[in-house]
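Descriptive analysis of the structure
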Amino acid sequence: MGVDIGGKELVTYIPIVTTVGLAIYVTWQALRPKIGLVNPGIEKNEQKVVNSMDIEDIGDSIAFCRCWRSKKFPLCDGSHNAHNKKQGDNVGPICLKRKSA
Ligand code: FES
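Note that the structure is predicted; figures quoted are calculated from it, not measured. (Residues numbered from 1 in each chain as written. Predicted model: local features only at pLDDT ≥ 70, side-chain atom pairs only at ≥ 80, totals over all residues. Heavy atoms only, no water.)

Focus: the UniProt feature "domain: Iron-binding zinc finger CDGSH type" (unreviewed entry) in the chain
Residues annotated in UniProt with the feature "domain: Iron-binding zinc finger CDGSH type" (unreviewed entry) correspond here to residues 48-86. Secondary structure content for residues 48-86 is 21% helix and 10% strand, and the end C-alpha separation is 27 Å. (UniProt positions renumbered as here; feature names shortened; annotations may be inferred. Helix = DSSP H or I, 4+ residues; strand = E, 2+ residues; numbered from the N terminus.)

Dropping the structure here:
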């Protein structure tokens, strides 16, 4: 009983197995849920998102986004409110404020 596959026959299956494996991999990559990613869409073509700003340009106060949903990233535009409501989350900006003299 059983299938007796010799070396020559086995070689003929390599393209089929490779094609099916590649198709499964590509499909899995396309359908893989993005759950777990902190950044859903900001500068995704970059390996790492880094922003810098001169302290002198900040003014008296500024709010930096920590939810990664702001259309004005790295600044907060209030998008965290919609995210929190939809996801049941509680994220918000980090606010810097200059002490008044
Ligand atoms: S929009 Fe991201 S923290 Fe406000």
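Further notes follow.
So, a nonpolar patch on the surface
A cluster of nonpolar side chains, namely I5, L10, Y13, I16, V17, V20 and I24, defines an oily patch on the protein surface of about 680 Å² accessible area. Relative to the helices and strands, V20 resides in helix α1 (residues 7-31). (Patch = residues over 30% accessible without salt bridge, like charges linked within 9 Å, V, L, I, M, F, W, Y side chains within 5 Å. Areas by Shrake-Rupley, 256 points an atom, 1.4 Å probe, with all protein chains shown as cover. Salt bridge = Lys/Arg side-chain N within 4 Å of Asp/Glu carboxyl O.)

A few points about the pattern of salt bridges
For the structure on display, the rule yields 1 salt bridge. Salt-bridge contacts for D60 lead to R98; the nearest nitrogen and oxygen are separated by 3.9 Å. Pair noted here: D60 is in the loop between α1 and β1 (61-64) and R98 is in the segment after β2 (94-97), with a separation of 38 residues, a long-range link. What makes R98 partly exposed here is its relative accessible area of 45%. (Buried < 20%, exposed > 50% of the residue type's maximum accessible area, 1.4 Å probe, protein only.)

Quick word on helix α2 (residues 79-87)
Here α2 has its buried residues at S79, H80, H83 and N84. Seen end-on, α2 carries its buried residues on one side only, within an arc spanning 135°. Turned more than 90 degrees off the buried face of α2, the exposed positions are A82, K85 and K86. A positive phi of about 70° marks G88, the residue just after α2. (Arc of directions from axis to C-beta.)

Some points on the UniProt feature "transmembrane region" (unreviewed entry) in the chain
Under the UniProt annotation, the feature "transmembrane region" (unreviewed entry) is placed at residues 12-31. Between the C-alpha atoms that bound residues 12-31 the distance is 30 Å, and the span itself is 100% helix and 0% strand.

Here we look at the nonpolar core
Soluble globular proteins: nonpolar side chains tend toward being buried together. Counting residues in each nonpolar core, the largest one holds 5 residues, listed as I42, C65, C67, W68 and F73. Discounting chain neighbours no more than four positions away, the residues touching F73 are I42, V49, N51, C65 and W68. (Core = buried A, V, L, I, M, F, W, Y, C linked by side-chain atoms within 4.5 Å. Contact = heavy atoms within 4.5 Å.)

Here's the deal with the pairing of β1
In regular strands, side chains alternate between the two faces of the sheet. Of the two faces of β1, only the one carrying I62 and F64 is buried; S61 and A63 on the other face are not. Pairing analysis gives 4 bridges linking β1 to β2, with the strands arranged antiparallel. The residue bridging F64 from the neighbouring strand is I94, located in β2. (Pairing = 2+ DSSP bridges.)

Brief notes about unusual backbone geometry
Here the residue pair F73 and P74 is connected by a cis peptide bond, since its omega of 15° sits within 30 degrees of zero. A positive phi angle, near 50°, is found at E43, a position not held by glycine. With respect to the secondary-structure elements, E43 resides in the loop between α1 and β1. At W68, a position not held by glycine, the phi torsion is positive, near 65°. Note on placement: W68 falls in the loop between β1 and α2.

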